[in-house]
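If you want the building blocks of each chain, they are given just below.
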Amino acid sequence: MSIASIVPLEDGWEKIKNEGIKVLEEFLDTGHIRSAVPQHQDPSKPKNVFSKANYAELYTTVYNMCTQRTPNNWSEHLYRRYGEAMSDYVQRQVLPALKDKTDIQLMKELLHRWSNHKIYVKWMDRFFTYLDRYYVKLQSVEPLHNRGYSIFNQQVFQVVIKDTRAALLKIINQERQGEHIDQDLVKGVIEIFIDLGLNSPNLYNTEFEEAFLPATSSYFVRQASGWLSEDSFPEYLRKAEAALQAEEQRCYNYLNRTTLPKLKNVVIQAVLSNPQSQLLEKETGVVYLLDNDKREDLARMHRMFSLVEDGLAPIAHSFRQYVTDRGNQIVDERVEQQRQVSSKAEALNDPAFIQTLLELHDRFKGIVNECFSQDSRFQKSLKEAFEVFVNRDIGKFSFAALMSSFCDRILKKSGERLSDEQVENLLTKMVELFSFLSDKDLFAEIYRNQLSKRLLYETSASEDAEKSMIAKLKMKCGAQFTSKLEGMLTDLSLALDTQKDFKDHCEQLPEGKGALGNIDFNVTVLTTGFWPSYQVQEASLCPEMQKAIQVFSNYYNGKTQHRRLQWIHHLGQATIAAKLNGRRHDLIVNSYQALILLLFTRDEGHNLSFIQNSTGLEPSMCKKLLATLSIAKFKILTKTGDAKTIEDDATFTPNDGFVCQHRKIKIPPPVTEETHNKERVEEDRSIAIEAAIVRIMKMRKTLNHQQLVTEVLTQLAFFKPNPKLVKQRIEHLIEREYLERDKDQASKYRYLA
C-alpha cells in the first residue's frame, strides 16, 4: 500500500507558476504557443494554450494541494496567490501599455488588454476549478471568476475610466456628425462596462449612461436651436425623426438595450417637447400643412408628437379650429347666397352646399384616418368642429331641410343619374354628416314627408337604396328613430297583397268589373301613425269613383273590424284618356285634377263658379288645380282673361291647339307649402323632454335643478333643447303633480309616485 506524498506549498506553487502562469502570460504578451500543444482544425476556434496533459497535470497539482489535511491544506494560500499573480501581471504589463494613451488609441489598447485578461481568467479558472468548487463555497468568499474581473476593474479600468468615457462620447458625437467610425470597437469597449458590472447594469449605468444621456441632451438642444432658426416646420420634423431613428439604431448597434427608452426620452425632450410651442407657432406649422394638404408631413407630425406626453393636445386644438374656420367660411358663403335666392325650390334643390360640406368632411376624415392613424383625439376634434357649423342658424331653410332635400335628390328618379355604388357612397357620407346634426328629429320629420311623396307618387329610383338609407339611419340612431320610415315601406308591401286580394274579391262579384264603374281601381291603405298627417278635403266625386270606393269600403270592413278608412283624395292618381287637337293623350293627374277634367267631356266651356260647385272643392284649392291645367307647362285647358292668374270670372274650355309629342303626360299637382309640420316637431320634443325628466326622477327620487337639466340634455339623443325649454317642462310636470319642489330648497325637486 502506497501513501501519497505531501506537496509543499512552495514546490506546488512553483510548478503552477512555471508550467501554467508564465506560459499563459507569454502567450498573452507574444502569442507564442509551445509546438507540442495540438490545435483545432477549425481556425475560427480559440487556440489551445495548453495540451490536455498539461492542463490535467496542473489541475491535479491544485487538487492535491487543496485536499491535503491541515496543516498542509494550501487552499487559502492558493486563493490569495491567484489574485496576487493576476495583480502582478496587470501592474507589470497592462497599466504601462495604457499609460498616456487617449481617444481611439486608448480604446483599442483597452479592448485588446481586456480580451487578454478574459483569456487569463478563463485558464486560471480551469486550473483552480477545485479551489473554486469547494474552498470558495465553504468560506463564502468571492468566486475566482469574479475576483479576476474585479482585479481588472479596480487596478486597470478605474484608472482609465474617465479617459475611456470621454473617448466614447467623442467618437459617438463624431458619428452623429456624419463621420464613419469603428462600431465594433465602440461596442467592445461598451461591453467592458457591462462585463465588469458582473451581470449587473450598475457600472454601465453609473460610469457611462449617467454621462452619456446628459451629453446627448446637450448635443440635441444645440441641434434643435439651430434647426428652429433655420428650418421650416416640416423640415425640422424630418430632421428630428431622422435623429431619433439614428439614436435608436445606435442603441441596437453598440449600446445596451436598456438605454433605448432613456435615450429616446432625452432626444424627444430636446428636439420635440421643449421647443413644441415655438414649433407650432411657425408660419409653416399646422395651418400651413392643412392648407397645402401635406399629408406625409401631417403624418410625421402626428407620429412625432405622439411621443411627447400630451403633445397631441395643442395640435388637436389647432386642427379643430382649422376645420371649424373652413366650415364657417362655407356656411357664411351659403348665408350670403341665400339672401339672393328667391324661391324655396331653388334653395332646397341646389345640392352644391351640402356637396361642399361632404367633400370637406371627406377630406378631413381622410386626414384623420391616413395621417393621424384614426386617433380618437382627432376624431373627437373633427366631430366637435362639424357640430359647431352644422348646427348654425342659416336662415329660413335649416340644415335638416337641406340635408333631407339632398337625400331626396339622390333617391328620386328625376334626380342625378348615379350608379348604385355612387348612391350608396353618397348616402353613407350623408349619414356621417347627419350624425353631427342636433335637430335629428326635425330631419326625420322632413325626410318622412319626402319619403312619403317618393313612395306614393312612385318617384323613388330604387327600393334597395331607400332601405339602405333607413338601415344606415337605424344603425346611427336606433330602431325608435326609423320605426315610422320602416312602417311606410311595410305598408306599401302589404298594400300589394291587399290589392291582389281585392282584385280576386271583385272577380267573384256578380257584376264583375262593372261593380267598380268599369274603371281600373287600386287602393293603397296607409297606417295613420307611420305617415305624415294629411288634410282631408271633401269633394263631389264622379259616380264611377263613388261606386268603386263603396265596393272597396265594403270589402275592407268585412276583412277588418277595428280599422276606419279615411280617403285622402289629393294623394290619389288617375289616368284620363283625352283627345286634344285630333291627337290622343293619356293624362296622369291626381284625383281632384281628374274631377275637373271630367267636367269637359262634351267640349263645352265652364266658368270658375260652375267648376267649384260641381267638384265641391274649396275656392283656393280649385284655383290652384286649374292653374296646373291652364297656366302651367301643359295647358290642357284654355282660359279667358289674364294668362298668368286665375280670375273669379274666368271661363275654361278644352285646348284644341294643345301640342305635345308624348302620348303619356304627367301633370304635377299643386305644390304643397310645407314639407313638414313644425308644430308637431315641437310637440314631440315637449313629450320627449317630459318623458326624460320623469325617467330620471323616478330613478333618482330627488335632484337639484342643474343636475336634472344636465341629465336630461345627456339623455336626449335626437335634439338639443334650450335649458329654458327644459325648465318650462319641469314647471308643467310640477303643475300636473309628477314632481314637487323641496320645501327647504327651492332649486331641488322630489319625485311624486
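All values reported here derive from a predicted model rather than from experimental measurement. (Residues numbered from 1 in each chain as written. Predicted model: local features only at pLDDT ≥ 70, side-chain atom pairs only at ≥ 80, totals over all residues. Heavy atoms only, no water.)

Asks: Before we go on, may I ask you to explain the pattern of salt bridges in this structure?
Replies: Charged atoms that come close allow side chains of opposite charge to pair. Across all of its chains, the model carries 49 salt bridges by this definition. Ionic pairing is found between E10 and R81, a salt bridge with its closest N-O pair at 2.8 Å. In this pair, E10 is assigned in helix 1 (residues 9–30) and R81 in helix 3 (residues 75–98), connecting sequence segments 71 residues apart. For E10, a relative accessible area of 45% corresponds to the partly exposed category. Judged by relative accessible area, which is 14%, R81 ranks as buried. A salt bridge links R300 to E296; the nearest nitrogen and oxygen atoms lie 3.5 Å apart. Highlighted residues: R300 and E296, both in helix 13 (residues 295–305), separated by four residues, approximately one helical turn. For R300, a relative accessible area of 7% gives the class buried. Look at E296 and you get exposed, because its relative accessible area is 59%. It is possible to trace a salt-bridge network through shared partners that takes in E235, R238, E241, E296, D297, R300 and R303. (Salt bridge = Lys/Arg side-chain N within 4 Å of Asp/Glu carboxyl O. Helix = DSSP H or I, 4+ residues; strand = E, 2+ residues; numbered from the N terminus. Buried < 20%, exposed > 50% of the residue type's maximum accessible area, 1.4 Å probe, protein only.)

Asks: Just to check I follow, could you spell out the packing of helix 14 (residues 313–340) against helix 17 (residues 376–390) for this structure?
Replies: The N-to-C vectors of helix 14 and helix 17 enclose an angle of 25 degrees; their axes lie 8 Å apart at closest approach. The angle between helix 14 and helix 17 places the two elements in the roughly parallel class. Between helix 14 and helix 17 lies a crossing of right-handed hand. Across from A313, I315, A316, F319, R320, V323, T324, G327, N328 and V331 in helix 14, the residues of helix 17 making contact are R377, F378, S381, L382, E384, A385, F386, V388 and F389. For the contact of helix 14 with helix 17, the residue count by class is twelve nonpolar, four polar and three charged. (Axes fitted to C-alpha atoms, helices over the stretch in contact; angles between N-to-C directions. Parallel < 35°, antiparallel > 145°, perpendicular 65-115°, else oblique. Left-handed = near helix turned anticlockwise from the far one by under 90°. Contact = heavy atoms within 4.5 Å. Nonpolar A, V, L, I, M, F, W, Y, C, P; charged D, E, K, R; others polar.)

Asks: Help me out: how do you make sense of the sheet that holds strand 6 (residues 664–666) in this one?
Replies: The strands making up a sheet associate through backbone hydrogen bonding, with each pair oriented either parallel or antiparallel. Strand order across the open sheet formed by three strands is 1-2-6, with mixed pairing between neighbours. Two strands close off the open sheet at either side, each with one partner strand: strand 1 (573–580) and strand 6. On average, adjacent strands in this sheet sit at an angle of 25 degrees to one another, irrespective of strand direction. (Pairing = 2+ DSSP bridges.)

Asks: Can you walk me through the pairing of strand 5 (residues 651–654) in this structure?
Replies: Taken residue by residue, a regular strand's side chains alternate between the two faces of the sheet. Taking every second residue as pointing to the same face, the buried face of strand 5 carries F652 and P654, while none of T651 and T653 on the other face is buried. Bridge count for strand 3 (residues 606–607) against strand 5 is two bridges, and the pairing is antiparallel. The partner of H606 across the bridge, within strand 5, is F652. Pairing between strand 4 (residues 637–639) and strand 5: three bridges, direction antiparallel. Across the sheet, T638 pairs through a bridge with T653, a residue of strand 5.

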